[in-house]
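Structural characterization, general
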Amino acid sequence: PDLGSAPDRPGPLTLIAVPAQAEWLQGEQAIMGTRCVVELWSTDRSRGQAAIDAVFTEFRRIDALMSTYKPESELSRVNATAATAAVRVSRELYDLLATSIEYSKLTGGAFDVTYASVGYLYDYRARVHPDAEAIAAALPGIDYRHIELDPETHSVRFRQPGVRIDLGGI
């Protein structure tokens with residue numbers, strides 16, 4: 001069949017321009033100790049809102065797993081006990097810690113999740129900072145090489161007391 005058309009008659013493939021019926025949708029929640037905003041462009045309001053809700057659900061899941069502010073989180077459990085005993089962790093947290101150690105190696109320690117060994121002493125919202133003596137006492141805890149990962153058991157152990165991890169930078 002001839003799919004072309006003569007100049008005086010339309011062919012079978014006629015395109016009609018239809019204006020886009022889409023809009024920007026936005027959601028905002030306080031999660032992970034900060035204001036989180038999700039904004040997207042959608043042609044279907046209910047599907048767009050469902051996508052925003054899914055993003056916030058994932059944010060809350062990660063926060064529950066890796067928050068240093070939630071004492072029941074997996075990361076808080078690591079910070080509380082890994083200096084005295086190995087702590088078995090989820091594959092997700094284990095892999096993220098392994099990645100953070102790789103970044104620490106690549107940057108010669110400029111990136112280091114153990115900065116929290118001193119960082120936890122600060123309360124920026126209350127404008128509280130530790131004195132020089134408290135900082136000096138906590139500084140030996142900062143060194144990514146203090147984190148020992150066991151790939152067989154997916155466990156984390158700190159090689160010395162005073163080490164803390166915060167994943168906010170990664």
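Here the structure is shown first, and the text comes after it.
Remember, predicted model here, so these are calculated numbers, not experimental data.

**Describing the overall build of the protein**
In terms of regular secondary structure, the protein is built from 5 helices and 5 strands. Going residue by residue from the N terminus, the α and β elements of the protein occur as β-β-α-α-β-α-α-α-β-β. Looking at the 170 residues of the protein, the share that counts as buried comes to 31%. Surface summary for the protein: the accessible area is close to 11400 Å², and the carbon and sulfur share equals 55%.

**Regarding helix α2 (residues 74-81)**
Regarding α2, the residues found buried are Glu 74, Leu 75, Ser 76, Val 78 and Asn 79. In this fold, the buried residues of α2 make contact with α1 (45-66), β3 (87-88), α3 (91-106) and β5 (155-158).

**Structural notes on the sheet that holds β3**
Taken in spatial order, the 3 strands make up an open sheet running β3-β5-β4, and their pairing is antiparallel. Sheet topology places β3 and β4 (147-150) at the edges, where each strand pairs with a single neighbour. Lying on the sheet, α3 is in contact with β4 and β5; it crosses β4 at an angle near 130 degrees.

**As for the pattern of salt bridges**
Pairing is possible between side chains of opposite charge, provided their charged atoms come close. Summed over the entire model, instances satisfying the criterion amount to 11 salt bridges. Its salt-bridge partner being Asp 143, residue Arg 145 comes within 3.0 Å of it at the nearest N-O pair. Each of Glu 58, Arg 61 and Glu 92 takes part in a single network of salt bridges with overlapping partners.

**Some words on the nonpolar core**
Core analysis: the biggest nonpolar cluster contains 20 residues, and Val 78, Ile 147, Val 156, Phe 158, Ile 165 and Leu 167 have the highest contact counts within it. Those elements that place two or more of their residues in this core are α1, α2, α3, β4 and β5. The element that contributes the greatest number of residues to this core is α3, accounting for 4 residues. Leave out the neighbours within four places in its chain, and Leu 167 touches Met 66, Leu 75, Leu 93, Leu 96, Leu 97 and Val 113. In this structure, Leu 25, Ile 31, Cys 36 and Leu 40 belong to the second largest nonpolar core, which totals 7 residues.

**Overview of unusual backbone geometry**
The phi dihedral of Met 32 is positive, around 60 degrees, even though this residue is not glycine. With respect to the helices and strands, the residue Met 32 is situated in the loop between β1 (23-31) and β2 (34-42). For Met 32, a relative accessible area of 36% gives the class partly exposed.

**A word on the pairing of β4**
Along any regular strand the residues' side chains alternate between the sheet's two faces. Residues of β4 alternate between two faces, with Ile 147 and Leu 149 buried on one and Glu 148 and Asp 150 left unburied on the opposite face. Across 4 bridges, β4 lies against β5 in antiparallel orientation. Its bridge partner being in β5, Ile 147 is matched across the sheet by Phe 158. Hairpin remark: β4 followed by β5, antiparallel, with 4 residues in the connecting loop; positive phi at His 154, about 50 degrees.

What counts and how
- Residues numbered from 1 in each chain as written.
- Predicted model: local features only at pLDDT ≥ 70, side-chain atom pairs only at ≥ 80, totals over all residues.
- Heavy atoms only, no water.
- Helix = DSSP H or I, 4+ residues; strand = E, 2+ residues; numbered from the N terminus.
- Buried < 20%, exposed > 50% of the residue type's maximum accessible area, 1.4 Å probe, protein only.
- Areas by Shrake-Rupley, 256 points an atom, 1.4 Å probe, with all protein chains shown as cover.
- Contact = heavy atoms within 4.5 Å.
- Pairing = 2+ DSSP bridges.
- Axes fitted to C-alpha atoms, helices over the stretch in contact; angles between N-to-C directions.
- Salt bridge = Lys/Arg side-chain N within 4 Å of Asp/Glu carboxyl O.
- Core = buried A, V, L, I, M, F, W, Y, C linked by side-chain atoms within 4.5 Å.

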